[in-house]
Amino acid sequence: MTRTITVGLDGSPASLAAADWGAHEAQLRDLLLRLVTAWEWQAPAFAPATGLGVPVPPSDLQRASAQHLLAQARSRVAETRPGLRIDTDELPGLPVPALLEAAEGAELLVLGSRGLSKAAGYLLGSVSHAVLASCERPVVLVRAGEHGEEEATPETSARMVSAASLHRDVVLGLDLHKPNDAVIDFAFDAASRRAARLRIIHGWTPPPYYYGGALMPDLNDGMVKQVRSELSDVLRPWQGRYPAVEVHAQATIGGAGRHLVDASYDATLVVVGRQNRRAVVGAHIGPVTQALLHHAVAPVAVISHD
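Reference entry: report on the structure contained in this document. (Residues numbered from 1 in each chain as written. Predicted model: local features only at pLDDT ≥ 70, side-chain atom pairs only at ≥ 80, totals over all residues. Heavy atoms only, no water.)

**Some thoughts on the overall build of the chain**
Move 1: Along the backbone of the chain there are nine helices and 14 strands.
Move 2: Each of the 306 residues in the chain was classed as buried or not, and the buried ones make up 45%.
Move 3: A separation of at least 24 residues holds for 80% of the contacts in the chain among residues at least 6 apart in sequence.
Move 4: Counting only carbon and sulfur atoms, one obtains 54% of the accessible surface of the chain, whose full area is about 15400 Å². (Helix = DSSP H or I, 4+ residues; strand = E, 2+ residues; numbered from the N terminus. Buried < 20%, exposed > 50% of the residue type's maximum accessible area, 1.4 Å probe, protein only. Contact = heavy atoms within 4.5 Å. Areas by Shrake-Rupley, 256 points an atom, 1.4 Å probe, with all protein chains shown as cover.)

**Re a negative patch on the surface**
Move 1: On the surface, Glu101, Glu104, Glu136 and Asp306 cluster together to form a negatively charged patch.
Move 2: Relative to the helices and strands, aspartate 306 resides in the segment after strand E14 (300-305). (Patch = residues over 30% accessible without salt bridge, like charges linked within 9 Å, V, L, I, M, F, W, Y side chains within 5 Å. Salt bridge = Lys/Arg side-chain N within 4 Å of Asp/Glu carboxyl O. Lys, Arg positive; Asp, Glu negative; His and termini not counted. Charge placed at Lys NZ, Arg CZ, Asp CG, Glu CD.)

**Quick word on unusual backbone geometry**
Move 1: For aspartate 30, which is not a glycine, the phi torsion comes out positive at approximately 55°.
Move 2: Looking at the secondary structure, you find aspartate 30 in the loop between helix H1 (13-29) and strand E2 (32-39).
Move 3: A relative accessible area of 61% means that aspartate 30 is categorised as exposed.
Move 4: With phi around 55°, alanine 195 is a residue other than glycine that occupies positive phi space.
Move 5: Looking at where alanine 195 falls in the secondary structure, it is placed in the loop between helix H6 (181-194) and strand E9 (198-204).

**Considering the side chain of threonine 6**
Move 1: Mapped onto the elements, threonine 6 comes out in strand E1 (residues 4-9).
Move 2: Judged by relative accessible area, which is 0%, threonine 6 ranks as buried.
Move 3: In terms of polar contacts, threonine 6 uses its side chain to reach the side chain of threonine 4, at 2.9 Å.
Move 4: In contact with threonine 6, not counting residues within four places along its chain, are Arg34, Val36, Ala102, Ala106, Leu108, Leu109 and Val110. (Polar contact = N/O pair within 3.5 Å; in protein donor to acceptor, adjacent residues only side chain to side chain.)

**Side note on the sheet that holds strand E8 (residues 169-173)**
Move 1: One open sheet accounts for ten strands, arranged E3-E2-E1-E4-E7-E14-E11-E8-E9-E10; its pairing is mixed. One side of each edge strand has no neighbouring strand; the edge strands of this open sheet are strand E3 (86-92) and strand E10 (247-253). Pairs of neighbouring strands in the sheet enclose a mean axial angle of 25°, with direction left out of account.
Move 2: Inspection of the sheet shows E9 paired to E10 by seven bridges, in the parallel sense. Note on E10: the bridge partner recorded for tryptophan 204 is isoleucine 253. (Pairing = 2+ DSSP bridges. Axes fitted to C-alpha atoms, helices over the stretch in contact; angles between N-to-C directions.)

Below is the structure:
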């Protein structure tokens, strides 16, 4: 099976930004870029009765629209990245299961996430949320841009993606209590491919007596040193595997979500993990990931793990 970077398109500016980001990632990894769009056909309310029990075929207009979207996106990407291998596919059926199936053979699934503004943050679509919560492959969500939903030209969009990769950190949200190899490796690999610094953020909550401040300075300092030591122990093997990656690790007091959102403003990519488990009312992505997806500015990579 050919390894791909797969991008789900719906025609929105955010999905076109996702195509530009996916094209850049495909070049970094020397992989095929696969552009897909999923659509669901529904029978008209007053369809004539045929008595044959055979479903009415999909609308030619819907198919033509899907083909036009794919051709437009392919032309847009090929215009700025002429050497890139590109494939396109129409995925008939419900968007969520179709995208989940398309992701099975992909290195990454890339989706657009519709940003409203820096103040309002992400409006995470129901399709993106459902795919993200169930997908077993890494998913990257990309917003249209920092200046609203206006569509950029192919040239300016490609320049924006390339410029964002220069002199900006890859940021990893790391849980010391449950460090996962797949999440850490993804972040180190992304930083290595971009020749970027890897900034690692671990949020921790000290016990109540920590806030005694001057009353117990030795004990407080000891706790901080212990957290930093644990962080160094977890990262040491990875720094040996990726010696060229500059690492800046920080342990921040409080939840990691707010710190990751703040870091996203100067990041080329933010990487977080999502544990595979199901909540009572459906799939679960976790509060830190949820907050990050709603407010982050940089693309967000969510890595599923057991």
